[in-house]
Amino acid sequence: MGTIVTLCRADELPEKTVRRFRAGDRDIVLVRDGDDFNALQDRCSHENFPLSDGYANKGVIVCPMHGASFDLQTGEALSLPAHEAIEVYPVHLREGLVQIELDEAK
Ligand code: FES
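First things first, this report covers the structure right here in the doc. Here, residues in each chain are numbered from 1, in the same order as that chain's written sequence. It should be noted that, the model being predicted, local features are given only for residues of pLDDT at least 70 and side-chain atom pairs only at 80 or more, the latter also being counted only at that level, while totals for whole chains, interfaces and linings use all residues. Hydrogens are left out, water is left out, and the side-chain values use all remaining heavy atoms of the structure.

Each helix and strand counted, the protein has zero helices and 10 strands in total. Each helix corresponds to a stretch of at least 4 residues labelled H or I by DSSP, and each strand to a stretch of at least 2 residues labelled E; elements are numbered beginning at the N terminus. Going from the N terminus to the C terminus, the protein shows its helices and strands as β-β-β-β-β-β-β-β-β-β. Using C-alpha atoms as the atom set, the radius of gyration is obtained and then compared with a globule rule of 2.2 Å times the number of residues to the power 0.38. The C-alpha atoms of the protein give 13 Å as radius of gyration, which agrees with the globular expectation for 106 residues (13 Å, within 12%). Referenced to the eigenvectors of the C-alpha coordinate spread, the extents of the protein come out at roughly 40 × 30 × 20 Å. Taking all 106 residues of the protein together, the buried fraction comes to 42%. Here, two residues are considered to be in contact whenever any of their heavy atoms come within 4.5 Å of each other. Put simply, of all contacts in the protein between residues at least 6 apart along the chain, 42% involve residues at least 24 apart. In this tally, Lys and Arg are treated as positive and Asp and Glu as negative; His is ignored, and so are the chain termini. Just so you know, the charge point we use is NZ for Lys, CZ for Arg, CG for Asp and CD for Glu. The centroid of the 11 positive side-chain charges in the protein is displaced by 4 Å from the centroid of its 19 negative side-chain charges. Each residue is assigned to one of three classes by its accessible area relative to the maximum for its type, calculated with a 1.4 Å probe on protein chains only: buried under 20%, partly exposed between the two thresholds, exposed over 50%.

Printed below as a string of structure tokens:
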């Protein structure tokens, strides 16, 4: 298991939320859609624009710069101009807290 980092309380996030966090030396975008929480690297794989400035809908996050989209669960690039997947982080909800798991090797 990697390092567990607490980002916030779950009830601080409205049910439709895209928010930036800093965890260790990484920028994280946390997406809440109803009861689903997903955490990904906050850098588009096209030109590194922050995805947290974009929006999420129906399991996808969209980069606001050139419109690439990524699967919230896998990080897979779903549309051009991005080709490469972005990193995703396991999310745990514990005692009302949103926690992510960072792989120490990265
Ligand atoms: S920087 Fe995200 S699509 Fe170009």
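Back to the text.
Points on a 1 Å grid over protein atoms alone make up a cavity when a 1.4 Å probe fits among them but cannot get out, and a pocket when they form an open set with protein on both sides within 12 Å along at least five of seven lines; lining residues each have an atom within 4 Å of a point. Grid points are joined across faces, edges and corners, and a volume is the space filled by probe spheres set on the points. Following the criterion strictly, the structure yields one cavity of 30 Å³ or more and no others. Lining the largest cavity, in full, are Cys44, His46, Glu47, Phe49, Cys63, Met65, His66, Gly67, Ala68 and Pro81. Lys, Arg, Asp and Glu make up the charged group, whereas Ala, Val, Leu, Ile, Met, Phe, Trp, Tyr, Cys and Pro make up the nonpolar group; the residues left over, Gly among them, are polar. Here the residues of the lining of the largest cavity are counted per class, giving six nonpolar, three polar and one charged.

Inspection of the sheet shows strand 9 (residues 91-94) paired to strand 10 (residues 97-102) by four bridges, in the antiparallel sense. Bridge pairing in strand 10 links histidine 92 to glutamine 99. Strands pair, by our definition, only if DSSP identifies at least two bridges between them. Counted along the chain from strand 9 to the antiparallel partner strand 10, the turn is two residues long, and its residue glutamate 95 has a positive phi close to 50 degrees.

What follows deals with the nonpolar core. Membership of the largest hydrophobic core comes to 15 residues, with the highest contact counts inside it found for Leu7, Cys8, Ala23, Ile28, Leu30, Ile100 and Leu102. Among the elements of the structure, strand 1 (3-9), strand 2 (16-23), strand 3 (26-33), strand 4 (36-41) and strand 10 are those that each provide at least two residues to this core. Beyond its immediate sequence surroundings of up to four residues, isoleucine 100 is in contact with Thr3, Ile4, Val5, Leu7, Ala23, Ile28, Ala39, Tyr89, Pro90 and Val91. Val29, Leu51, Cys63 and Ala68 belong to the second-largest nonpolar core, a separate cluster that totals 13 residues. Throughout this description, the term nonpolar core refers to a set of buried Ala, Val, Leu, Ile, Met, Phe, Trp, Tyr and Cys residues connected via side-chain atoms within 4.5 Å.

The next subject is the sheet that holds strand 10. The strands making up a sheet are joined through hydrogen bonds of the backbone, oriented either antiparallel or parallel. Pairing is antiparallel across the open sheet formed by three strands, whose spatial order is 1-10-9. Only two strands of the sheet have a single partner each, and these edge strands are strand 1 and strand 9. Sheet twist, expressed as the average angle between the axes of neighbouring strands with direction ignored, equals 30 degrees. Of the strand pairs in this sheet, strand 1 and strand 10 are connected by six bridges, and their pairing is antiparallel. Bridge assignment links threonine 3 to a residue of strand 10, and that residue is leucine 102. For helices, the axis comes from a line fit to the C-alpha atoms of the stretch in contact; other axes are also lines fit to C-alpha atoms, and the angle between any two N-to-C directions lies between 0 and 180 degrees.

Throughout this description, the term salt bridge denotes a Lys or Arg side-chain nitrogen within 4 Å of a carboxyl oxygen of Asp or Glu. A complete count under the given rule lists eight salt bridges for this structure. A salt bridge links arginine 22 to aspartate 27, with the nearest nitrogen and oxygen atoms 2.9 Å apart. Exposure remark for arginine 22: the relative accessible area of 52% places this residue in the exposed category. Each of Arg20, Asp42 and Asp53 takes part in salt bridges that share partners, so that together they form one network.

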